[in-house]
Amino acid sequence: MTQLLDRTLDTSNVAAGILIVDDEELLANEIKSLLQAHGYRSIACGSVSACFQHLESDPHIRVILMDVRLRTVSGLALINDIRREYADRPYLQFIVMTAHADSCDIREVVGLNVVDFITKPFDDAALLRSVAVALNRSSREIQRISQQPSRSLEAKLNEVAAQRLGRGDISI
């Protein structure tokens, strides 16, 4: 877990991962291809369990493109779950995507403090701009964390570890 808030965590966008969470597999793979064509390391997944598996195995994921309407859960609720589960990764940034902007609760999206809200179908250039903004925001957060006193970081890590240990997420 110390790897997550390691002071050497890359603030450049070279190793940064972008996770695309959309149960429309074709669209998720199109977005992945677009991002890869522009030099971004991206991963597409279509389920909640796959999303958490990728987050667990890859601490370099820094941006999550989240569909609002997944088959099994609201993407907005999933954002809250991810923030709660990965509170030790405050550098995670979210971009919300939907094909149903008219029925989406915009107030809820705004309250989630996401980087952007994109309607499908979207313009490639707009998506790429949003990703660039999200990565810059993530880098600034990593820099802010790395400038905090070491003792504070250790205390945060211990708190998160204790919470996960208490829930049975990890064992010693």
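This text follows the structure it describes.
Residues numbered from 1 in each chain as written. Predicted model: local features only at pLDDT ≥ 70, side-chain atom pairs only at ≥ 80, totals over all residues. Heavy atoms only, no water.

### Re the nonpolar core
Move 1: Among the nonpolar cores identified, the biggest contains 22 residues, and L19, V21, L55, I64 and I82 are the most heavily contacted of them.
Move 2: Where this core is concerned, the elements lending two or more residues are β1 (17-21), β2 (41-45), α2 (48-57), β3 (61-67), α3 (75-85) and β4 (93-98).
Move 3: The element best represented in this core is α3, accounting for 4 residues.
Move 4: When sequence neighbours within four positions are dropped, the list of residues in contact with I64 reads L19, V21, L55, I82, L92, Q93, F94 and I95.
Move 5: If you look at the next biggest cluster of nonpolar residues, it comprises 21 residues, including I20, Y40, I118 and V131. (Core = buried A, V, L, I, M, F, W, Y, C linked by side-chain atoms within 4.5 Å. Buried < 20%, exposed > 50% of the residue type's maximum accessible area, 1.4 Å probe, protein only. Helix = DSSP H or I, 4+ residues; strand = E, 2+ residues; numbered from the N terminus. Contact = heavy atoms within 4.5 Å.)

### Observations concerning α2
Move 1: Listed in full, the buried residues belonging to α2 are A50, C51 and L55. Along the axis of α2, the buried residues cluster in a sector spanning 135 degrees; they form a single face. Turned more than 90 degrees away from the buried face of α2, the exposed residues are Q53 and S57.
Move 2: Of the surrounding elements, those touching the buried residues of α2 are β1, β2, β3 and α3. (Arc of directions from axis to C-beta.)

### Some remarks on the packing of helix α1 (residues 25-37) against helix α5 (residues 124-146)
Move 1: Where α1 contacts α5, the axes come no closer than 11 Å and their chain directions differ by 70 degrees. Taken together, the axes of α1 and α5 lie roughly perpendicular to each other. Every pair of crossing elements has a handedness; the one defined by α1 and α5 is right-handed. Judged by residue contacts, I31, L34 and L35 of α1 engage D124, L127, L128 and V131 from α5. (Axes fitted to C-alpha atoms, helices over the stretch in contact; angles between N-to-C directions. Parallel < 35°, antiparallel > 145°, perpendicular 65-115°, else oblique. Left-handed = near helix turned anticlockwise from the far one by under 90°.)

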